[in-house]
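Each chain, written out:
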Amino acid sequence: MALDFKTFFGDVKAQLRGVAAKLMENLPTGFKEANDKQVDDLKQSGAETQAYKAPDTAPDFTLPNQYNEPIQFHPFLEQGPVILSFHRGRWCPYCNLELRAMQKTLDQFKELGATLLAISPQTVEVTQSFASEMPLKFHVLSDKGGQVAKQFGLVYKLNDDYQAALKSVGVDLKADHGGGDDFTPELSIPATYIVAQNRKIVYAFVDADYTKRASPAELIDILKQIKQGTLA
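Keep in mind that what you see is a predicted model, and the values were worked out from it rather than measured. (Residues numbered from 1 in each chain as written. Predicted model: local features only at pLDDT ≥ 70, side-chain atom pairs only at ≥ 80, totals over all residues. Heavy atoms only, no water.)

Focus: the overall build of the protein
Turning to step 1, where the next piece is worked out: Across its full length, the protein carries nine helices and nine strands.
Turning to step 2, where the next piece is worked out: In the protein, which comprises 232 residues, the share counted as buried stands at 50%.
Turning to step 3, where the next piece is worked out: Look at the contacts in the protein between residues 6 or more apart in sequence, and 72% of them connect residues 24 or more apart.
Turning to step 4, where the next piece is worked out: Carbon and sulfur atoms form 49% of the exposed surface of the protein, whose accessible area is close to 11200 Å². (Helix = DSSP H or I, 4+ residues; strand = E, 2+ residues; numbered from the N terminus. Buried < 20%, exposed > 50% of the residue type's maximum accessible area, 1.4 Å probe, protein only. Contact = heavy atoms within 4.5 Å. Areas by Shrake-Rupley, 256 points an atom, 1.4 Å probe, with all protein chains shown as cover.)

Digging into the packing of aromatic side chains
Turning to step 1, where the next piece is worked out: Counting across every chain of the model gives seven aromatic pairs.
Turning to step 2, where the next piece is worked out: Ring geometry for F61 and F73: centres 5.0 Å apart, planes at 20°, overall stacked. On the criterion of sequence distance, the pair formed by F61 in the loop between α3 (47–50) and β1 (62–64) and F73 in the loop between β2 (70–72) and β3 (82–86) is long-range, its members being 12 residues apart.
Turning to step 3, where the next piece is worked out: A relative accessible area of 6% places F61 in the buried class.
Turning to step 4, where the next piece is worked out: Residue F73 is classed as buried on the basis of its relative accessible area, which comes to 0%.
Turning to step 5, where the next piece is worked out: A connected cluster of aromatic rings, assembled from ring pairs, spans Y52, F86, F152 and Y193.
Turning to step 6, where the next piece is worked out: Across the ring face of Y210, the terminal group of R88 is positioned such that the distance to the ring centre comes to 3.8 Å. (Phe/Tyr/Trp six-rings, centres within 6.5 Å; stacked < 30°, edge-to-face > 60°. Lys NZ or Arg CZ within 6 Å of the ring centre and 35° of its normal.)

Observations concerning the layout of surface pockets
Turning to step 1, where the next piece is worked out: Of the pockets and cavities examined, the largest pocket occupies roughly 260 Å³.
Turning to step 2, where the next piece is worked out: Taken together, 16 residues make up the lining of the largest pocket; nearest its centre are G145, G146, F183, T184 and E186.
Turning to step 3, where the next piece is worked out: Of the residues belonging to the lining of the largest pocket, the class tally is four nonpolar, eight polar and four charged. (1 Å grid on protein atoms, 1.4 Å probe; cavity = no way out; pocket = protein on both sides within 12 Å on 5 of 7 lines; lining within 4 Å. Points joined across faces, edges and corners; volume = space filled by probe spheres on them. Nonpolar A, V, L, I, M, F, W, Y, C, P; charged D, E, K, R; others polar.)

Side note on helix α5 (residues 124–133)
Turning to step 1, where the next piece is worked out: Listed as buried for α5 are V124, V126, T127, F130 and A131. With its buried residues spanning 155° around the axis, α5 presents them on a single face. Among the exposed residues of α5, those oriented more than 90 degrees off its buried face are E125, S132 and E133.
Turning to step 2, where the next piece is worked out: Looking at the buried positions of α5, the neighbouring elements they touch are β1, α4 (93–111), β4 (115–120), β5 (139–142) and α8 (173–176). (Arc of directions from axis to C-beta.)

Observations concerning empty space enclosed by the protein
Turning to step 1, where the next piece is worked out: All told, the structure shown has one cavity of 30 Å³ or more when counted by the stated rule.
Turning to step 2, where the next piece is worked out: Taken as a whole, the largest cavity spans an internal volume of roughly 50 Å³.
Turning to step 3, where the next piece is worked out: In this structure, the largest cavity is lined by N35, Q38, V39, L42, R88, Y156, Y162, A208 and Y210.
Turning to step 4, where the next piece is worked out: Take the lining of the largest cavity: its biggest share by element is four residues, from helix α2 (residues 31–45).
Turning to step 5, where the next piece is worked out: Here the residues of the lining of the largest cavity are counted per class, giving six nonpolar, two polar and one charged.

Points about the confidence of the model for the protein
Turning to step 1, where the next piece is worked out: With 88% of its residues at a pLDDT of at least 70, the protein reaches an overall mean of 89.
Turning to step 2, where the next piece is worked out: Low pLDDT, under 50, characterises residues 1–9; the predicted model gives this stretch 16 contacts beyond four residues in sequence or across chains. (pLDDT = per-residue confidence, 0-100.)

With respect to the packing of α2 against helix α7 (residues 160–168)
Turning to step 1, where the next piece is worked out: Contact geometry for α2 and α7: axes closest at 9 Å, N-to-C directions at 135°. Taken together, α2 and α7 sit at an angle that is classed as oblique. When the axes of α2 and α7 are compared, the crossing they make is left-handed. Mapping the contact onto sequence places F31, A34, N35, K37 and Q38 in α2 and D161, Y162, A165, L166 and S168 in α7.
Turning to step 2, where the next piece is worked out: Residue composition of the contact of α2 with α7, by class: five nonpolar, three polar and two charged. (Axes fitted to C-alpha atoms, helices over the stretch in contact; angles between N-to-C directions. Parallel < 35°, antiparallel > 145°, perpendicular 65-115°, else oblique. Left-handed = near helix turned anticlockwise from the far one by under 90°.)

Looking at the nonpolar core
Turning to step 1, where the next piece is worked out: Grouped together as the largest cluster of nonpolar side chains are 42 residues, with contacts concentrated most on F61, F73, L84, F86, F152, L154 and Y193.
Turning to step 2, where the next piece is worked out: Looking at this core, the elements with two or more residues in it are α2, β3, α4, β4, α6 (147–151), α7 and β8 (191–195).
Turning to step 3, where the next piece is worked out: With four residues, the single largest contributor to this core is α2.
Turning to step 4, where the next piece is worked out: Excluding anything up to four places from it in sequence, F73 contacts A58, P59, D60, F61, V82, L84, L117 and V195.
Turning to step 5, where the next piece is worked out: In this structure, M102, A114, A196 and A214 belong to the second largest nonpolar core, which totals 25 residues. (Core = buried A, V, L, I, M, F, W, Y, C linked by side-chain atoms within 4.5 Å.)

Laid out in structure tokens, this is it:
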């Protein structure tokens, strides 16, 4: 039975609103203010405009997946377009819901010849744990130090208030990212790209407001245009 993308992603958006409301009810005093300030700081910094966009050329990279296997990006383009999904980590409910939506859409992506690669700054061990729990049937890559995300212009340093807010709810970025004594608390702007076989980005969704995500319906539409030869 075909997935009704509009209905499904509408449900995801409703879940996101519900999760956000519930979280805010139980979060420590000052968390929402620190969270909102971090988003505002990021918006005002112009970070979104510095990130890769269409028609930039996507660089090659090799990262370990959840099974600690080296996965190289560009060879997948020999088979068809590639979806790159950058997310913040296992602790982010918005990222988890987005990845579940991707999992539900995976067969449709494959039917259109596309490969899905998800990327986060978490260690292989952390990635393996949460990918198996969800479970996710696509490559989830560990970008330790955010080196690939930096190439795409997505990495930003957390301000002090947001660092403290995350710690207050038990988020240990240093542990999740495998950081050493010189660890700098950084995250990636959640972003979704579709890269065509000529290595050009044909679709980019980058928003400093991490509650906003690309919809599976949008991705399917772009992939259909690529398959029909109307977009490359």
